[in-house]
Amino acid sequence: MTDSASSACPSKELGEFDCLVVGGGPAGLTAGIYLARFHRTCLVVDAGSSRAALIPRSRNYPGFPPGIAGHDLLARLREQCAVCSVRQEQGLVEELQLHPLGFQARIGGRACVARRVILATGIEDSLPRMADAEAAIAAGALRLCVICDGYEVNGDAVAVLGEAEDAIGHGVFLRTFSDRVTVISQSARPPDARALALARHHGIEVISAKPKSVRFEPGRGIELTTEDGRVLCFDILYPNLGARVRSGLARRLGARCDETGALLVDQHQQTSVPGLYAIGDVVAGLNQISVAVGQAAQAATAVHNGLEANPWLRPTEKAVRRQPGVEG
């Protein structure tokens, strides 16, 4: 970086850190807590788009028998970060570049330098075209994860919307929880014979007609009208339409990913770019909060162990170290 660029760079506003954590969901906040407890300087940047915030009430996260709303879980984690003196910033990390000290990030016109980076940027689900999707999610009529809350279906009329073979696979999973499962296939071609045989075996109705409209009816569930005029009503709809993996920052640095864009990591959650780690839904694997926080522990510990040792000093030792002419 040239002197002129250095003088114009706003990096002084945010400073230098041992680790930058990109993403303020359960994974990113947990990583921040671990790093702070290891006495590492850490900045957590949150764009406010955590998938967990959509959860009306999760009974899938251990330790909360009555369940906990996603925004309440995030609030508790943010509070714990504050107690641990984790620096938290609202904003979007727009750019991540290699830097002689590690990485430089641009965040809303400001910049920071970090020796290590942990990406916890997650995914963005593809939802059906409907005007009130968030209200349907809040009411539990539109659901995004069969592993998270399939057991709450309890015999309800449930539909899976998506490409035929994948949707039928999700339907088979849901047969554990209800005998009223319907698959609505969006495929241009009919399901293959093997998938249809699987659906018949499990008593799953398959409708090969694209939806014309999807509406949330409060207190009633989901009303879906197909292109051939059928009106179908369900208590719960699971869209299986894919998701956008927010891995662009890493991919632009050359990090390896799978065919969906999910990042590939080693046993310590490090990507193929040295010093760049990834945790949570942005990583290939099972998209669960419990998995994400475990990955956060792994990554934060690896970051700590990979940096130079930071032995604790007594207050008197710190004072001596600060005296002019004393090495340390």
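Residues numbered from 1 in each chain as written. Predicted model: local features only at pLDDT ≥ 70, side-chain atom pairs only at ≥ 80, totals over all residues. Heavy atoms only, no water.

1. Concerning the overall build of the chain
This is how the line gets drawn: Put simply, DSSP H or I for four residues or longer makes a helix, DSSP E for two residues or longer makes a strand, and each gets a number counted from the N terminus. Note on classification: 1.4 Å probe, protein chains only; a residue is buried when its accessible area is under 20% of the maximum for its type, exposed when over 50%, partly exposed between these limits. Contacts between residues were defined by any pair of non-hydrogen atoms, one from each residue, lying within 4.5 Å. Neither His nor the chain ends contribute to the count of charged residues, in which Lys and Arg are positive and Asp and Glu negative. Every charge is mapped to an atom, namely NZ of Lys, CZ of Arg, CG of Asp or CD of Glu.
When helices and strands are tallied, the chain shows 10 helices and 16 strands. Burial status across the chain gives 47% buried among its 328 residues. Within the chain, counting contacts between residues at least 6 apart in sequence, those at least 24 apart form 59% of the total. In the chain, 34 side chains carry a positive charge and 35 a negative one; their mean positions are 3 Å apart.

2. Regarding the environment of valine 231
Take valine 231: it is sitting in strand E13 (residues 231-234). Along the primary structure valine 231 and leucine 264 are separated by 33 residues, whereas in three dimensions their C-alpha atoms are 42 Å apart. If sequence neighbours within four positions are ignored, valine 231 has contacts with Glu223, Leu224 and Thr225.

3. Here we look at the packing of helix H6 (residues 164-174) against helix H7 (residues 193-201)
To keep things clear, this is the line we draw: Axis angles are defined between N-to-C directions and span 0 to 180 degrees, where every axis is a line fitted to C-alpha atoms and, for a helix, only to the segment in contact. For classification, angles of less than 35 degrees are called roughly parallel, those exceeding 145 degrees roughly antiparallel, those between 65 and 115 degrees roughly perpendicular, and all remaining angles oblique. Should the near helix be turned counterclockwise from the far one by less than a right angle, the crossing is left-handed, whereas a clockwise turn marks it as right-handed.
Closest axis-to-axis distance for the H6/H7 pair is 10 Å, and the angle between their directions is 20 degrees. As summarised for this structure, H6 and H7 are arranged roughly parallel, according to the angle between their axes. By crossing handedness, the relation of H6 to H7 is classed as left-handed. Facing H6, whose interface residues are Glu165, Ile168 and Val172, H7 presents Ala195, Leu196, Leu198 and Ala199.

4. A closer look at the pairing of strand E5 (residues 102-107)
This is how the line gets drawn: The criterion for strand pairing is that DSSP finds at least two bridges linking the strands in question.
Burial runs high along E5: five of the six residues are buried. Pairing of strand E4 (residues 93-99) with E5 involves six bridges; the strand directions are antiparallel. Considered in E5, the bridge of leucine 98 is made with phenylalanine 103. Taking the residues between adjacent antiparallel strands as the criterion, E4 and E5 are bridged by two residues. Looking at chain direction, E5 and strand E6 (residues 110-119) are connected through five bridges and run antiparallel. Bridge assignment links arginine 106 to a residue of E6, and that residue is alanine 111.

5. Some words on helix H9 (residues 289-306)
The α-helix winds at 3.6 residues per turn, so residues separated by three or four positions along the chain end up facing the same way. Here is the rule: By definition here, a helix of n residues has an expected span of 1.5 Å times n minus one.
A rise of 1.5 Å per residue sets the reference length of H9, with its 18 residues, at 26 Å; its end C-alpha atoms lie 25 Å apart and thus fit the reference within 8%. Those residues of H9 that fall on the buried side of the exposure criterion are Ile289, Ala292, Val293, Gln295, Ala296, Ala297, Ala299, Ala300, Ala302, Val303 and His304. Here the buried face of H9 lies against strand E1 (16-22), helix H2 (26-37), helix H3 (70-83), E6 and strand E16 (276-278).

6. Re the nonpolar core
For the record, the criterion: Definition of nonpolar core: a set of buried residues of the types Ala, Val, Leu, Ile, Met, Phe, Trp, Tyr and Cys, connected through side-chain atoms within 4.5 Å.
In this structure, Val21, Leu35, Ile118, Ile279 and Val303 are the most contacted members of the largest nonpolar core, which totals 31 residues. Elements with a minimum of two residues in this core: E1, H2, strand E2 (42-46), H3 and H9. The biggest single contributor to this core is H9, with eight residues. Each residue touching isoleucine 118, except ones within four places of it in the same chain, is listed here: Cys19, Leu20, Val21, Val22, Ala31, Leu35, Tyr277, Ile279, Ala299, Ala300 and Val303. Within the second largest apolar cluster, 28 residues are counted, among which are Leu14, Val117, Val273 and Leu276.

7. Remarks on the sheet that holds strand E10 (residues 205-207)
Overall, parallel pairing links the four strands, which are arranged E10-E9-E8-E14 in an open sheet. Each end of this open sheet is capped by a strand with a single partner; those strands are E10 and strand E14 (236-240). The mean angle between the axes of side-by-side strands here comes to 20 degrees, regardless of whether they run parallel or antiparallel. Packed on one face of the sheet, H6 meets strand E8 (158-162), strand E9 (181-185), E10 and E14 and runs near 155 degrees to E8.

8. Section: the sheet that holds strand E11 (residues 211-217)
Taking strand neighbours across the sheet as the criterion, the three strands line up as E11-E12-E13 in an open arrangement whose pairing is antiparallel. Two strands bound the open sheet, and with one partner strand each, they are E11 and E13. Across the sheet, the axes of successive neighbouring strands diverge by a mean angle of 20 degrees, strand direction being ignored. Where E11 meets strand E12 (residues 221-226), six bridges bridge the pair, whose relative direction is antiparallel. Counted as the bridge partner of proline 211 is threonine 226 from E12.

9. What to know about the UniProt feature "domain: FAD/NAD(P)-binding" (unreviewed entry) in the chain
Selection rule: UniProt positions are given in the numbering used here, feature names are shortened, and annotations may be inferred rather than shown by experiment.
With numbering matched to this structure, UniProt assigns "domain: FAD/NAD(P)-binding" (unreviewed entry) to residues 17-296. Secondary structure content for residues 17-296 is 24% helix and 29% strand, while the C-alpha to C-alpha distance between its ends is 18 Å.

10. Things to note about the packing of H2 against H9
As a reminder of what qualifies: The nonpolar class holds Ala, Val, Leu, Ile, Met, Phe, Trp, Tyr, Cys and Pro. Asp, Glu, Lys and Arg form the charged class, and all remaining residues, Gly among them, are polar.
Relative orientation of the contacting elements H2 and H9 amounts to 35 degrees, with a least axis distance of 8 Å. For the pair H2 and H9, the sense of crossing is right-handed. Only Ile289, Ala292, Val293, Ala296, Ala297, Ala300, Thr301 and Val303 of H9 make contact with H2, whose side of the interface consists of Pro26, Ala27, Thr30, Ala31, Tyr34 and Leu35. Across the contact of H2 with H9, the residue classes break down as 12 nonpolar, two polar and no charged.

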